[in-house]
Amino acid sequence: MIQLTSLSKVFNEGTVNENRAIHNVNLSVEDGEFVTIIGSNGAGKTTLFNLISGNMFPSAGKVVINGRDVTKDPEYKRAVYVGRIFQNPTLGTAETMTLEDNMTIAHYKGCKGLKKSLNRKLRNYFKEQLSELNMGLENRLKDNVGLFSGGQRQALTLLMMVLSKPDLILLDEHTAALDPGNAQMILDLTLKYINEYRLTAMMITHNMSNAIAYGNRLLMMDGGEIILDISGTEKQNTTKEVLVEKFAEIRKKNLANDELLLSP
Amino acid sequence: MLEGILVEGLIYSLMVLGVFITFRILDFPDLTVDGSFPLGAVIMAVLLVKGVNPLVCLVLVFAAGFAAGTVTALIHNKLKVPNLLAGILTMTMLYSVNIRILGNRANIPLLRTKTILSQVIGAASGIIPEGITLLLFMIFVVAVVKLLLDLFFHTDLGLTLGALGCNEQMVITQGVNPEGLKIIGVGISNGLVALSGAFAAQYLGFADVNMGIGTVVSGLASVMIGEFLFQSNKIALLTLRVIFGSIVFKGIMYLGRYYGYYIKMTPNDLKLITGILIIISLIISKNREKLSLLRKNNKKGGVMK
Ligand SMILES: Nc1ncnc2c1ncn2[C@@H]1O[C@H](COP(=O)(O)OP(=O)(O)OP(=O)(O)O)[C@@H](O)[C@H]1O
Ligand SMILES: [Mg+2]
């Protein structure tokens, strides 16, 4: 599905503010995998997503999606098969437009023409899909999305994303801005869609229990590198404590190595 | 007099529709307008003098305006220049271009030339009074443009254009190139502005390279006045509101011109008045926002449909 080869991203290269946000990352994600990603603030998780989605271009390395080298493709081109959801629920929808207009824009991805897609048939299809959210949104097709709550908007963003049938979805702390109840609802919905549509998914979260409970592979990032990559039974049997321990262990090792390098 | 205000308001409403598209729908404050308005006027004038078919003239005028908008969008897209600066660049360059089009002159009279307006008036003369003919014809023109725009903004492309000004990230997420959309949006806007200039030249009986000064500001004032008339999130009502705003603005300007001398005002003060109108509108809408925030009524005055 996706292969990242020797991927690096350096911000402000050659200045005092030089920052290696992603450092020589190699990663291969298979079709149907659900990868959870944890790591401290500034570990480079969001930057990794930015490089995969094409929001930023890497300083070095290659991004291959579905066997195609997309390293130089702009974000809007990759967006046709890569779905992305942000922490901020307002980023997924246009708030000054009605629900049905938002869904019309999203119902197929890519170049738009002078066709008027929104008709009774499409409206009914939208209603059907919306009613599965159990939020009563199916009766609010003509309301501006700006009137909806954060949880409703994030649920809508999820729905709009899966309706466009992406191959890969990137979820960046997409429940972090919501209250606990809504966060759980969105998480359940995410899981439902991933299973239903057999999506390949990568999910960044700061909630370690979620990272362990959900998905079939877990990555831990630190300092722009993937320092832990577990899957299968190893992941199933891991606990928060084990992860914290491993994190300390690996970091100490790194520190020791750095000191070795720095000493004359 | 009333007919005059209505006709002028309608002619300029084509320009205001353009300003509405960039400022309100695209969130792309575009100053190309001050150059593309006279661009439409001078092209129309030159072509009419040459005896070109009026309909062909209108098509060429729209195309030229669209091209001017494309230049602005390209400067903004490719050189990553802020949209305000991109517009100022194109506007400034257009000044020279317009003089070139007139053959190194600053203006051209149209009084003896057959124009679309003069032909329409001629065809109806003796049956309908001149002012009424003009008014009916301009209502027809503006209605056609408005309906076409409404149709456009209901297409998939039009809807996506509507989302661009509100949430560019969403447009990208939906797999659409925002740079292409900006060319289309700013292009259509300036095409309309040029059409407005073309009709203004016929109405005034001349085209002048300086006739664009202050156009964008008066367009913005008209848009803002319209926004006081009613609220809606339906595009058909929003475009209607723009047209009403343009007419009301012309009415205010008329009052300023004819009754202003009571307070020692001259026509030269009109631009000052226009600016003050915008400032007052801004103050009112700002206080309105505060009020509605107080009322916890976060109903948005939306842009689309
Ligand atoms: N556009 C940018 N310009 C400069 N530096 C950046 C930029 N984006 C991210 N960085 C830097 O890159 C590093 C990694 O940031 P990133 O946003 O990827 O972290 P993260 O793992 O997502 O953190 P968080 O958990 O806080 O979201 C940080 O040091 C950050 O300051
Ligand atoms: Mg982040």
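Here the structure is shown first, and the text comes after it.
Just so we're clear, the structure is a prediction, and the values are computed from it rather than from any experiment.

**So, the nonpolar core**
Thought 1: Membership of the largest hydrophobic core comes to 127 residues, with the highest contact counts inside it found for L99, M103 and L130 of chain A together with M138 and F199 of chain B.
Thought 2: It is helix α1 (residues 2–26) of chain B that contributes the most residues to this core, 14 residues altogether.
Thought 3: In contact with L99 of chain A, other than residues within four places in its own chain, are L130, L137, R140, L141, D143, V145, F148 and L156 of chain A.
Thought 4: By size, the runner-up hydrophobic cluster in this structure holds 26 residues, among which are I52, V63, I65 and I204 of chain A.

**Remarks on helix α6 (residues 180–196) of chain A**
All names here are of chain A.
Thought 1: Relative to the 24 Å expected for 17 residues at 1.5 Å per residue, α6 spans 24 Å between its end C-alpha atoms, a close match to the ideal helical length.
Thought 2: Residues of α6 that are buried: A183, I186, L187, L189, T190, Y193 and I194. Considered in projection along α6, the buried side chains sweep an arc of 165 degrees and stay on one side of the axis. Exposed and oriented more than 90 degrees from the buried face of α6 are P180 and N195.
Thought 3: Directly after α6, the chain includes R198, whose backbone phi takes a positive value near 50 degrees.

**Some words on the sheet that holds strand β2 (residues 19–29) of chain A**
Residues and elements named next belong to chain A.
Thought 1: Taken together, the four strands give an open sheet; going across it, the order is β2-β1-β4-β5, and neighbouring strands pair in antiparallel fashion. Edge positions in the sheet fall to β2 and β5 (68–69), since each has one partner strand and no second.
Thought 2: Here five bridges tie strand β1 (residues 2–11) to strand β4 (residues 60–65), and the two strands are oriented antiparallel to one another. Residue L4 lies in a different strand from β4, and its bridge partner there is V63.

**Observations regarding the packing of helix α5 (residues 150–163) of chain A against α6 of chain A**
Residue and element names in this part refer to chain A.
Thought 1: Packing of α5 against α6 brings their axes to within 10 Å, and their N-to-C directions diverge by 10 degrees. When the axis of α5 is compared with that of α6, the two are roughly parallel. Together, G151, Q154, A155, L158, L159 and V162 of α5 and N182, M185, I186, L189, T190 and Y193 of α6 make up the contact between the two elements.
Thought 2: The class makeup of the residues in the contact of α5 with α6 is eight nonpolar, four polar and no charged.

**Re the interface of chain B and chain A**
A common way to report how large an interface is uses the accessible area buried once the components associate.
Thought 1: Of the residues lining the interface, 27 residues belong to chain B; the matching set on chain A comes to 38 residues.
Thought 2: Between chain B and chain A lies a buried interface of about 2700 Å² when both sides are counted; carbon and sulfur atoms form 60% of it.
Thought 3: In terms of surface lost to chain A, no three residues of chain B exceed D156, M170 and Q174 of chain B, which account for 22% of the buried area on that side.
Thought 4: At the boundary of chain B and chain A, one finds zero salt bridges.
Thought 5: At the surface where chain B touches chain A, the tally comes to 12 residue pairs in polar contact (both at pLDDT 80 or more).
Thought 6: Of all the secondary-structure elements, those providing two or more residues to the side of chain B that touches chain A are α6 (130–154), α7 (156–166) and α8 (168–173) of chain B.
Thought 7: Ranked by residues supplied to the side of chain B that touches chain A, first place goes to α7 of chain B with seven residues.

Definitions and limits used
Residues numbered from 1 in each chain as written. Chains lettered and ligands numbered in written order. Predicted model: local features only at pLDDT ≥ 70, side-chain atom pairs only at ≥ 80, totals over all residues. Heavy atoms only, no water. Core = buried A, V, L, I, M, F, W, Y, C linked by side-chain atoms within 4.5 Å. Buried < 20%, exposed > 50% of the residue type's maximum accessible area, 1.4 Å probe, protein only. Helix = DSSP H or I, 4+ residues; strand = E, 2+ residues; numbered from the N terminus. Contact = heavy atoms within 4.5 Å. Expected span 1.5 Å × (residues − 1). Arc of directions from axis to C-beta. Pairing = 2+ DSSP bridges. Axes fitted to C-alpha atoms, helices over the stretch in contact; angles between N-to-C directions. Parallel < 35°, antiparallel > 145°, perpendicular 65-115°, else oblique. Nonpolar A, V, L, I, M, F, W, Y, C, P; charged D, E, K, R; others polar. Buried area = accessible area lost by both parts, 1.4 Å probe. Salt bridge = Lys/Arg side-chain N within 4 Å of Asp/Glu carboxyl O. Polar contact = N/O pair within 3.5 Å; in protein donor to acceptor, adjacent residues only side chain to side chain.

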